[in-house]
Structures are given as structure tokens and as C-alpha cells.
Amino acid sequence: MGTGVGIVVAHGFTGSWRDRAARRIVHVLSGYGGVIAFDFRGHGRSGGETTVGDLEILDVQAAVRHARVVGYSRIAVVGFSMGAAVAVRHAGLRGGVDAVVAVSGPARWYYRGTKPMRQVHWAIEQPFGRWAARVAKRTRIARGKWDPIPMPPHEAAGLVSPAPLLIVHGDADAFFPLDHARQLYDGANEPKELWIEPGFGHAEAAATPELVRRIGKWISSNFS
């Protein structure tokens, strides 16, 4: 039976909790609470198809519910990239969490201003791109367009309060420039915090143990 703090970790697009970088993050965060990591729908060993940030809030909801069932009284969700967008949207639209950390997250949909994001859109929108994602990354992507378009993260950020929100973004992020972090921060209400990390790239692969420990300490400080 768990007690105290539960930390739900939400991975990025085409990722998995079994990836080496994700497992390293889980290991570090385990020093600050019980960690629940999972594969989003359409990723890794999970069934279904990914909707790239829309219905994934239900996956986080299931993980949070599980954390409550096993006995964790305070729940933080830590999301990376797509998982960051989902964490913010889940907290804003569903609630039931006590703190949220969004690392390398987008503020808005359909961003194509960087080469990596143009490649992501190709994988999502083109049949060959979806095939390549399935074969190379074990990621099954739902066909068709969102209908309706989900609330974007920067709007959902305004609904997260009173839970504290921490936004972490690197100035070397090749996917989403810093204006995404600032838009998320500006959209949120207090309590909120923004960390701009010098030299930090994107999401799990770039997250150093030192940065993850700082995130763990931030969670602990909000639950003390």
C-alpha cells in the first residue's frame, strides 16, 4: 500500500516508459515519492492508437486513479513534450491532481516552425509517415483530423490552479522555442513557476539527473 506522494510520469510522442531515458527519470524521481509510469495509448505495449494529445488525458486519468487506489494521498503529474501537454490539459479539464510539471511542452497545436516539428507532422498526417512511426517507433497513430479540436495547452493552463504548475523549458530545445513556455506560463494562474534551463534540449533524452532531482525537490516543497 502506497503512502504520501505519488508521481505519475507521462512520456513524449513515440516514447515509452521502458525507454532508457524514461527509466532513468523514474529512478531519480523515486527518491521523492512512489512513481507510476505507463505507455500512452498507441505507444509501446499499450493498445489502441495515439490521438497525439487529445484522448490521452484519459490515460493520465487512469494512472492518477490507480495512484489513489493504491493509497497515495498527494499526486503530482510530470509530463514531457506531448506528455507535458497532456498533463496540463488533464489537470485543467479533469482535475484531481495536487501538482503539475510540464517539461518541454507545446503551448499550442499545429506548430511547424522547426524542422523536427515538420517531421512530426509528416509522421502524423501522411500514410507513409504513420507506417514509419509504427515500424520504427512502435507508435500507432490514429488517422483523420481532430474533431472537435481539443483545448490547447495554454488555455488549459489557466484552469490548473489551485494546483501549482511548474513549466520547465530549455533554451536549446530543437522542437519548441521558448515562446511556448512563456505562453503556457502567461496562460496559467498562480501558483506557477517557469524555469528556463540554459543548454537544455528537449524532453526525456536531454533531462539530466540534476534537473530531475530539482523537479523532485520542487514537488516535495509543494507537498511539505
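In what follows, the structure referred to is the one given above.
Residues numbered from 1 in each chain as written. Predicted model: local features only at pLDDT ≥ 70, side-chain atom pairs only at ≥ 80, totals over all residues. Heavy atoms only, no water.

Undergrad: It is not clear to me how helix α5 (residues 127–137) should be interpreted in this structure. Could you clarify?
TA: Quick reminder: α-helices carry 3.6 residues per turn. Residues three or four places apart thus point the same way. Where α5 is concerned, the buried positions are G129, R130 and A133. For α5, the angular spread of the buried residues around the axis is 100°, confining them to a single face. In α5, the exposed positions angled more than 90 degrees off the buried face are occupied by P127, F128, V135 and A136. On its buried side, α5 packs onto α4 (115–125). (Buried < 20%, exposed > 50% of the residue type's maximum accessible area, 1.4 Å probe, protein only. Helix = DSSP H or I, 4+ residues; strand = E, 2+ residues; numbered from the N terminus. Arc of directions from axis to C-beta. Contact = heavy atoms within 4.5 Å.)

Undergrad: In this structure, what is going on with helix α1 (residues 20–29)? I would like to understand it.
TA: Among the residues of α1, A21, A22, I25, V28 and L29 are the ones counted as buried. Around the axis of α1, the buried residues are gathered within 125° of arc, so they sit on the same side. In α1, the exposed positions angled more than 90 degrees off the buried face are occupied by R20 and H27. Contacts made by the buried residues of α1 are with β1 (5–10), β2 (34–37), β3 (74–80), α8 (203–206) and α9 (209–222).

Undergrad: Would you explain the pattern of salt bridges in this entry?
TA: A side chain of one charge can pair with a side chain of the opposite charge when the charged atoms of the two come close. For the structure shown, the criterion picks out six salt bridges. For R18, the salt bridge identified is with D39, shortest N-O distance 2.9 Å. Note that R18 is positioned in the loop between β1 and α1 and D39 in the loop between β2 and α2 (56–69), a separation of 21 residues in sequence. For D59, the salt bridge goes to R41, with nearest N and O atoms at 2.8 Å. Placement of D59 in helix α2 and of R41 in the loop between β2 and α2 is noted, with a sequence separation of 18 residues between them. Residue classification places D59 among the buried positions, given a relative accessible area of 14%. (Salt bridge = Lys/Arg side-chain N within 4 Å of Asp/Glu carboxyl O.)

Undergrad: I'm lost on the pairing of strand β5 (residues 165–170) in this one. Help?
TA: Side chains on a regular strand alternate between the two faces of the sheet. For β5, the buried fraction is high: six of the six residues fall into the buried class. Burial along β5 is two-sided: L165, I167 and H169 facing one way and L166, V168 and G170 facing the other are all buried. Relative to β5, strand β4 (residues 99–103) runs parallel, the two sharing four bridges. Across the sheet, the residue bridging to V100 is L165, located in β5. Across six bridges, β5 lies against strand β6 (residues 192–197) in parallel orientation. Within β6, the position partnered with V168 by the bridge is W195. Handedness of the β-α-β unit built from β5, helix α7 (residues 178–187) and β6 comes out right-handed. (Pairing = 2+ DSSP bridges. Right-handed = clockwise from strand over helix to strand, strands pointing away.)

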